Amino acid sequence: MGIVIVDICQSNRINVLDIETILESEYPEVSVLQNECLSFCGMCARSPFAIVNGKRVFAKTPEECLEKIRRQIEKELEFFK
């Protein structure tokens, strides 16, 4: 398991991208967990989002959300450097 955990809801729009493969190949310190439900139903229906080490990250498009997730991962990894 990685030191940065990215939780993704299975029914969220961000899943049009292969987030798990993308992030885990770019960042060996990251584990992406696909969950059936993250209990943010309103957010899940409105926009792509993920939870990075307990912090919500969301955007209007899946691609924009992926970039924000990357930035949050970088912030989290700074703590360990």
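Higher on the page you've got the structure.
All of these numbers come straight from a predicted model, not from anything done at the bench. (Residues numbered from 1 in each chain as written. Predicted model: local features only at pLDDT ≥ 70, side-chain atom pairs only at ≥ 80, totals over all residues. Heavy atoms only, no water.)

A few points about the nonpolar core
With 19 residues, the main nonpolar core has Val6, Ile19, Leu23, Val30, Ile69 and Ile73 as its most contacted residues. Among the elements of the structure, β1 (4-9), α1 (19-26), β2 (30-35), β3 (49-52) and α3 (62-78) are those that each provide at least two residues to this core. Residues within four places of Ile69 in sequence aside, it is in contact with Val6, Ile14, Leu23, Ala50, Val52 and Val57. (Core = buried A, V, L, I, M, F, W, Y, C linked by side-chain atoms within 4.5 Å. Buried < 20%, exposed > 50% of the residue type's maximum accessible area, 1.4 Å probe, protein only. Helix = DSSP H or I, 4+ residues; strand = E, 2+ residues; numbered from the N terminus. Contact = heavy atoms within 4.5 Å.)

Focus: α3
For α3, built from 17 residues, the straight-helix expectation of 24 Å at 1.5 Å per residue is met to within 8% by its first-to-last C-alpha distance of 24 Å. For α3, the set of buried residues is Pro62, Cys65, Leu66, Ile69, Arg70, Gln72, Ile73, Glu76 and Leu77. (Expected span 1.5 Å × (residues − 1).)

Thoughts on the environment of Glu24
Relative to the assigned elements, Glu24 resides in helix α1. Given the relative accessible area of 32%, Glu24 is considered partly exposed. Along the primary structure Glu24 and Val6 are separated by 18 residues, whereas in three dimensions their C-alpha atoms are 9.9 Å apart. The residues contacting Glu24, other than those within four sequence positions of it, are Ile19, Val30, Ser31 and Val32. A distance of 2.8 Å separates the side chain of Glu24 from the backbone nitrogen of Val32, its partner in a polar contact. (Polar contact = N/O pair within 3.5 Å; in protein donor to acceptor, adjacent residues only side chain to side chain.)

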